There are 2 protein chains.
Amino acid sequence: MAEQVVIIGGGAAGPKTAAKLRRERSDIKIDLYTQEDIISYSACGLPYFLENTIQNYETLIIRTPEDFQKQNIDIHLKQRCIDVDTDNQYVLMEDLTTNTKYKKPYNILVIATGAKPVIPNIPNINLKNIFTLRTIQDGINIKEKMLQSKKAVLLGGGYISIEVMEAFVQNNLQVTLIEKEPQILKMFDEDFSQRITDYIIGRNPGQVNILLNEEVVAFSGNTEGGVKSVITNTGKEIETDLVVLGTGVRPNTDFLINSGIKLSIKNSIKVDKTLKTSKNGVYAAGDCTDNFNLITNRYTWVPMGSTANKEGRCAAINIAGGNCLFDGILNSTITKYFEFTISIIGISYKEALEYGFQPEFAIVTKKDKAGYMPNIGTVTLKLIADKNTHTILGIQGIGDGEVNQRINTVIPAILSKTKLESFMHLDLPYSPPYSPAIDPVLNAAQIIYQKINS
Amino acid sequence: MAEQVVIIGGGAAGPKTAAKLRRERSDIKIDLYTQEDIISYSACGLPYFLENTIQNYETLIIRTPEDFQKQNIDIHLKQRCIDVDTDNQYVLMEDLTTNTKYKKPYNILVIATGAKPVIPNIPNINLKNIFTLRTIQDGINIKEKMLQSKKAVLLGGGYISIEVMEAFVQNNLQVTLIEKEPQILKMFDEDFSQRITDYIIGRNPGQVNILLNEEVVAFSGNTEGGVKSVITNTGKEIETDLVVLGTGVRPNTDFLINSGIKLSIKNSIKVDKTLKTSKNGVYAAGDCTDNFNLITNRYTWVPMGSTANKEGRCAAINIAGGNCLFDGILNSTITKYFEFTISIIGISYKEALEYGFQPEFAIVTKKDKAGYMPNIGTVTLKLIADKNTHTILGIQGIGDGEVNQRINTVIPAILSKTKLESFMHLDLPYSPPYSPAIDPVLNAAQIIYQKINS
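Anyway, here's the lowdown on the structure attached to this text. Computed from a predicted model, the values in this text were never measured in an experiment.

Concerning the overall build of chain A
Right, so step 1: Regarding its fold elements, chain A presents eleven helices and 25 strands.
Right, so step 2: A globule of 454 residues ought to have a C-alpha radius of gyration of about 22 Å, and chain A, at 23 Å, matches this closely.
Right, so step 3: Counting across all 454 residues of chain A, residues that qualify as buried make up 60%.
Right, so step 4: Considering only contacts in chain A between residues 6 or more positions apart, those separated by 24 or more positions represent 61%.
Right, so step 5: Of the side-chain charges in chain A, 47 are positive and 49 negative, and the distance between the mean point of each set is 2 Å.

Examining the packing of aromatic side chains
Residue and element names in this part refer to chain A.
Right, so step 1: In this structure the tally under the stated criterion is ten aromatic pairs over all chains.
Right, so step 2: Aromatic pair Phe49 and Tyr57: ring centres 6.4 Å apart, planes at 80°, arrangement edge-to-face.
Right, so step 3: Using a relative accessible area of 5% as the deciding quantity, one classes Phe49 as buried.
Right, so step 4: Judged by its relative accessible area of 28%, Tyr57 falls in the partly exposed class.
Right, so step 5: Measuring from ring centre to ring centre gives 5.0 Å for Tyr337 and Phe338, while their planes differ by 85°; the resulting arrangement is edge-to-face.

Points about the relation of the copies chain A and chain B
Right, so step 1: Aligned on chain B, chain A shows an RMSD of 0.0 Å; the corresponding rotation is 180° and the shift along the axis is 0.0 Å. In the structure described here, the two chain copies are related by an operation that fits a two-fold rotation axis. No C-alpha of chain A lies nearer the rotation axis than that of A:Gln405, which sits 2.1 Å from it.
Right, so step 2: Both copies present the same face, since 100% of the interface residues in chain A are matched by interface residues at the equivalent positions in chain B.

Overview of the pattern of salt bridges
Side-chain pairs of opposite charge can arise whenever the charged atoms involved come near each other.
All names here are of chain A.
Right, so step 1: In the structure shown here, the tally under the stated rule is 42 salt bridges over all chains.
Right, so step 2: When the shortest N-O distance is used, the salt bridge between Arg406 and Asp439 registers 2.9 Å. One end of the pair, Arg406, is in helix H9 (residues 403–415); the other, Asp439, is in the loop between helix H10 (420–423) and helix H11 (440–453), with 33 residues separating them in the sequence. Accessibility assignment for this pair places Arg406 and Asp439 in one class, buried.
Right, so step 3: Salt bridges here are not isolated pairs; linked through shared partners, they connect Lys29, Asp31, Asp74 and Lys104.

Considering helix H4 (residues 136–146) of chain A
Right, so step 1: Residues of H4(A) that are buried include every one of A:Ile136, A:Asp138, A:Gly139, A:Ile142, A:Lys143, A:Lys145 and A:Met146, and no others.
Right, so step 2: Next to the buried residues of H4(A) lie helix H2 (46–50), strand E9 (130–131), helix H5 (159–170) and strand E16 (242–245) of chain A.

Digging into the interface of chain A and chain B
Right, so step 1: Listed by partner, the interface residues are 68 residues for chain A and 69 residues for chain B.
Right, so step 2: The contact between chain A and chain B buries some 5,600 Å² in all, and 60% of this surface belongs to carbon and sulfur atoms.
Right, so step 3: The three residues of chain A that bury the most area against chain B are A:Tyr372, A:His425 and A:Asp427, which together make up 14% of that side's buried surface.
Right, so step 4: Taken together, the links from chain A to chain B amount to zero salt bridges.
Right, so step 5: Across the contact surface, chain A and chain B share 27 residue pairs in polar contact (both at pLDDT 80 or more).
Right, so step 6: It is H9(A) that provides the largest number of residues to the side of chain A that touches chain B, a total of nine residues.
Right, so step 7: Taken together, the residues that form the side of chain A that touches chain B break down as 33 nonpolar, 25 polar and ten charged.

Notes on empty space enclosed by the protein
Right, so step 1: The final tally for this structure, using the stated rule, is three cavities of 30 Å³ or more.
Right, so step 2: Of the voids in this model, the largest cavity is the one considered here, and its volume is about 60 Å³.
Right, so step 3: Along its surface, the largest cavity is lined by A:Leu294, A:Phe326, A:Asp327, A:Gly328, A:Leu330, A:Leu415, B:Ser422, B:His425, B:Leu426 and B:Asp427.
Right, so step 4: Surrounding the second largest cavity, A:Glu421, A:Ser422, A:His425, A:Leu426, B:Leu294, B:Leu325, B:Asp327, B:Gly328 and B:Leu415 form its lining.
Right, so step 5: For the lining of the second largest cavity, the residue count by class is four nonpolar, three polar and two charged.

Thoughts on helix H1 (residues 13–24) of chain A
Residues and elements named next belong to chain A.
Right, so step 1: In this model, H1 (twelve residues) spans 16 Å end to end at C-alpha, consistent with the 16 Å of a helix rising 1.5 Å per residue.
Right, so step 2: The buried fraction of H1 amounts to nine of the twelve residues, a majority that puts the element mostly inside the structure.
Right, so step 3: Listed in full, the buried residues belonging to H1 are Ala13, Gly14, Pro15, Thr17, Ala18, Ala19, Lys20, Leu21 and Arg22.

A closer look at the state of the cysteines
Where two cysteines share a covalent bond between their sulfur atoms, that bond is called a disulfide.
Right, so step 1: Taken as a whole and judged by the stated rule, the model has two disulfides over all chains.
Right, so step 2: The disulfide bridge from A:Cys314 ends at A:Cys324, spanning 2.1 Å between sulfur atoms. Every disulfide takes its handedness from the sign of the S-S torsion; for A:Cys314 and A:Cys324 that torsion is -100°, giving left-handed. With A:Cys314 in helix H7 (residues 305–319) and A:Cys324 in the loop between H7 and strand E21 (333–337), the pair connects residues that are ten residues apart, well separated along the chain. Across the pair, exposure class does not vary: A:Cys314 and A:Cys324 are buried alike.
Right, so step 3: Looking at the unpaired B:Cys44, the closest cysteine sulfur is the one in B:Cys288, lying at 15 Å.
Right, so step 4: Relative accessible area serves as the criterion here: at 30%, B:Cys44 is assigned to the partly exposed category.
Right, so step 5: The thiol sulfur of B:Cys81 is not disulfide-bonded, and the nearest other cysteine sulfur, from B:Cys288, lies at 11 Å.
Right, so step 6: The class of B:Cys81 is buried, set by a relative accessible area of 6%.

Digging into the sheet that holds strand E5 (residues 90–95) of chain A
Residue and element names in this part refer to chain A.
Right, so step 1: Ordered by their spatial adjacency, three strands build an open sheet running E4-E5-E6, and the pairing between neighbours is antiparallel. Every interior strand has two partners, whereas the edge strands, strand E4 (79–85) and strand E6 (101–105), have only one. This sheet shows a mean twist of 30° between the axes of neighbouring strands, independent of strand direction.
Right, so step 2: Bridging between E4 and E5 involves six bridges; their strand directions are antiparallel. From the neighbouring strand, Arg80 faces E5, where its bridge partner is Glu94.

Overview of the packing of helix H1 (residues 13–24) of chain B against helix H7 (residues 305–319) of chain B
Residue and element names in this part refer to chain B.
Right, so step 1: The contact between H1 and H7 brings their axes to 8 Å, and the two run at 35°. As H1 packs across H7, the resulting crossing turns out to be right-handed. Between H1, through Ala13, Lys16, Thr17, Lys20 and Leu21, and H7, the contact on the second element is made entirely by Ala308, Asn309, Gly312, Arg313, Ala316, Ile317 and Ile319.
Right, so step 2: Tallied by class, the residues present in the contact of H1 with H7 amount to six nonpolar, three polar and three charged.

Notes on the nonpolar core
Right, so step 1: In this structure, A:Ile111 and B:Ile111 are the most contacted members of the largest nonpolar core, which totals 160 residues.
Right, so step 2: With near-sequence residues (within four places) excluded, B:Ile111 lies in contact with B:Ile8, B:Phe255, B:Leu256, B:Ile261, B:Ile269, B:Val282, B:Tyr283, B:Ala284, B:Ala285 and B:Cys288.
Right, so step 3: With 46 residues, the next largest nonpolar core counts A:Tyr41, A:Phe131, A:Leu242 and A:Ile344 among its residues.

Thoughts on the sheet that holds strand E10 (residues 151–155) of chain A
In sheet architecture, strand pairing relies on hydrogen bonds along the backbone and comes in two forms, parallel and antiparallel.
Residues and elements named next belong to chain A.
Right, so step 1: Spatially, the five strands line up as an open sheet ordered E9-E16-E10-E11-E12, and their pairing is parallel. Of all the strands in the sheet, just E9 and strand E12 (208–211) have a single pairing partner and so form its edges.
Right, so step 2: Direction of pairing for E10 relative to strand E11 (residues 174–178): parallel, over a ladder of five bridges. Among the inter-strand pairings, Leu154 is bridged to a residue of E11, identified as Leu177.
Right, so step 3: Taken strand by strand, H5 contacts E10, E11, E12 and E16, and its axis lies near 175° from that of E10.

Rules and cut-offs
- Residues numbered from 1 in each chain as written.
- Chains lettered and ligands numbered in written order.
- Predicted model: local features only at pLDDT ≥ 70, side-chain atom pairs only at ≥ 80, totals over all residues.
- Heavy atoms only, no water.
- Helix = DSSP H or I, 4+ residues; strand = E, 2+ residues; numbered from the N terminus.
- Rg over C-alpha atoms; globule rule 2.2 N^0.38 Å.
- Buried < 20%, exposed > 50% of the residue type's maximum accessible area, 1.4 Å probe, protein only.
- Contact = heavy atoms within 4.5 Å.
- Lys, Arg positive; Asp, Glu negative; His and termini not counted.
- Charge placed at Lys NZ, Arg CZ, Asp CG, Glu CD.
- Phe/Tyr/Trp six-rings, centres within 6.5 Å; stacked < 30°, edge-to-face > 60°.
- Least-squares fit on C-alpha atoms with pLDDT ≥ 70 in both.
- Salt bridge = Lys/Arg side-chain N within 4 Å of Asp/Glu carboxyl O.
- Buried area = accessible area lost by both parts, 1.4 Å probe.
- Polar contact = N/O pair within 3.5 Å; in protein donor to acceptor, adjacent residues only side chain to side chain.
- Nonpolar A, V, L, I, M, F, W, Y, C, P; charged D, E, K, R; others polar.
- 1 Å grid on protein atoms, 1.4 Å probe; cavity = no way out; pocket = protein on both sides within 12 Å on 5 of 7 lines; lining within 4 Å.
- Points joined across faces, edges and corners; volume = space filled by probe spheres on them.
- Expected span 1.5 Å × (residues − 1).
- Disulfide = S-S within 2.5 Å.
- Pairing = 2+ DSSP bridges.
- Axes fitted to C-alpha atoms, helices over the stretch in contact; angles between N-to-C directions.
- Left-handed = near helix turned anticlockwise from the far one by under 90°.
- Core = buried A, V, L, I, M, F, W, Y, C linked by side-chain atoms within 4.5 Å.

Written as C-alpha cells, this is what we have:
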C-alpha cells in the first residue's frame, strides 16, 4: 500500500512540500488541503497588485490545482482542518462548502497552515472597509475600495503598512499611519526608524502623516457606509474611507490546541531541524512553525515566505527518506518604499545590548558606485559587531542605491561568525558601475574595527 | 626630527597610503612621487570616459595635488624612480622635465608603482593609432581617434577589451577582437566564456567580430597615416583605423632589479601580510605587489583597484604604528558589457581540477526577482564546490539581472569555508522586488549538495 502524505495548508510551504516530495518520490500518495479557494500564490506580492504594478491577481498564482494534478498531487480547496488525532493518525476536516465534517487518515502529516492577522479588540472593528491584507481576496477587496477612495488609515507601522502605503500614495490617497509605539518598524534601531520615517514623510510632503505613540480606541461609521473615521487615545478623529490593519500576524494553529502537538513561542509549532514536530509522523513547515535564531541561539517566530519555501523543501526531502537539516534563521527582512530600500538582518544595536552582547556600531552613508558614474544611488548602513568576539551581529541598510547587494554580503559572514579583521578586507569584485573601490560595507567594518581597537 | 615617508606611485595605492597615513599621524613628513603629470585617478573608469558616459576626464580625478597639499602631503609630478638603495635608505629619482637625477632619502619607503601594459613583440607595433589604455592620456588619445574612426581592432580578450568594445560599439565602430587562445576571458570556464561570447556577438549582429585561436603577426600602415590593417597568422588582413592592445599588464618594477628587494611571481614585489617587503623600512602596495590566494593557498598576481586601496590603507596603518593584516584575495573580478554583467570569484571548475580539488558544479539560470514583478532580469550562475569538504571554491555569474547581489553573497562563504549544507539555507531577505523566494544562488547550492549526496 502506498504511503499517504497529507498536507494542510496551501500558501508557500504546503505546495512547496508537495512539489518537492513528488520530485523525490513517485510512489507516495499526496493530498493537500486548504481552507482557501486558491493555492500556491505569493502573498508577498499583494502590495504590488494593490498599487497596480501587477494588474491581475492571477499573476500571483505560482501553480494551479490543475498543475498539481498533473504531478499526481490531489488538491482539496475550501477544506479546513479542525483537529488532529496523532494517536489514530487522522485529521478531522470540515468541508466549508457543505459544512460537513470527515476524517482523513495519514501516514505522514505536514502542517503548513501559515499565519493569520491579529485583529485588535477595538470597538466597531467589524465595520465595512476595515481590511486585513493576507489573502488574494483581501487584495481584491482593498483594491476595489482604494480606487474609489481619497483617504486611508493604516494601523501599525510594520512592513505591510509601508508596502500598502506605497500603493495608496501611488494612487493619490491621503494616508495616515497610526503606530502605538514611539517608532515605526520596531525591529530597527530608533535612529534608522527615524531616517525611514523622514524619508517617507519627505518624499510626498503633505500626503502622508505618521502618528507615533498614538493608539486607536474606536472606529466610527455605520453599517451601510462602513468606517467613516478613526478615533485615537489623544482625542484625534481622523476621517477615512478605508482602514488597513497592519497590526501583526500570529501562527494559524488554534486547531492544534487539543492535538498534543507541542507549541512554542506565540503558539507556533515547535519543530526540530528536520521539521518534525513533537508527534511521530507529523511535520510542520512555514509561517506556523517556530524559528531558531542563529545569533541569539534562542527560539523566535519570524514568518517569512523565503523560510517557508526552504522549510517545505527540507521537510519533503526528509519525508522522502533523505537528510536535510534546517539550522535556523537570521531575522533577515527587506522591503521597499518606492525607490527606497529598507532592510535589516540579524539583531539591532538595542537588541544586542538586551541579549548581553558588547556591541559596537558604525554608520556609513556612501554612493553605491564609483562617484563619477551615472545613475548613482546612496546607501546608508548601520553595521553592528561584538567587541568581544569581533563577529558581526547585524546590519541595517536603507537608501535609494543598491542596498541589497551590501546586505547580502554581510549575511554569510554573520552565519559563519567571520571576524571583522577578515571581513573588512573581503575581496569584493570592483568595477566602477558596481561599487566604489572600497565597498561601503567594508568601510563600515573598518570603522568598527578601528573603534574596537582604539 | 620628523620621520620621512617617501611614496613612489600616484595611482590608487600611493595616494591612499598618503591620505590614510596623514589621518593617522600628523607628525610624519610625507612626499609622494609619480612619473605622470596627474595623480589619484581612477584608471578603471577610463572605458566609461571613452564611451562618453563620463564626458570629462577630470571627473576621474579623485584628489588633486592641491587637495593633498592641504593635508600637508607634498606631491611631486613627472618624477620617475630609477633605483632604490635600501642600505643607505634613499631613492634615486629622475626629473622627467629636466632629465636631472637626484637622491631622496627616506625613513620609510612605500613602493606603489602599479602595473604597465605588456607590449607584444609584433612588427610595426609602434605605428600611430596603436594604443594601450592605462593612463588618462591614453584615454584622451583613444577617444580623439575613435571619434574619427569607423573600424577598430582589439588585441586580447580580457576585461579591458570587453570594456573598450562597449565604448566602440556605442560609438558605432565596426569592431574585431583577436584572441590567440581558444576563448576570451580565460579565467572563466569554457562554457561561460562561450555564453559571454554569444551574448556579445548576438547583441549587435554584424557589428562585432571575435576571432579565436588567431594571432596577430604584423601591423601594416605608414608613418603618417598610422596603422591601416592587422595581419594574422592564418593570413587574414583586417583593415582598421585604430588598434587597442589589451594584451595584459605586468608589474611596474623594472627599476627594482638591483635593489635587492625580493620579487615574486611575474616580478611583482613580495610582501608579507603587513605589506612589508623583504627590506627593512620598505613597504609595497597595489598592483606592483604579489597576492596570496586564500583558496589555493598559493601566491598569484591579480592587479585590482580594490585590492590596491585596501593594501594602501593597511600599509598606512602599519607605518603609523598600528596593526593591520591583509590576508589575501579571492581573485574577484567583475565588469559589464552594456547591460550584461560578467563576474568571476574564486577559482573556475577547470582550475579547481588543476589544483587537486574534487569539484562539483551547478549551473542555474533564473529570474532575479519574483516572476510577476516588472523590470526582471536574468542571472546565470555557475557555482563550484569541493566534494570532500563541501566548501565553495568559486562562482561565475553573468546576465542582465542583479548578478552582483548574488556574487557578493557567495564571497564571505568562500572566505569562511562555509559548508554547502549551511549556505544553501542562508537566510537571505526576501521581498518580490529583490529576489525570488529562494534566491538563485541558494538554488545552485542546493543542486550541488544534492549532486554530492546522491
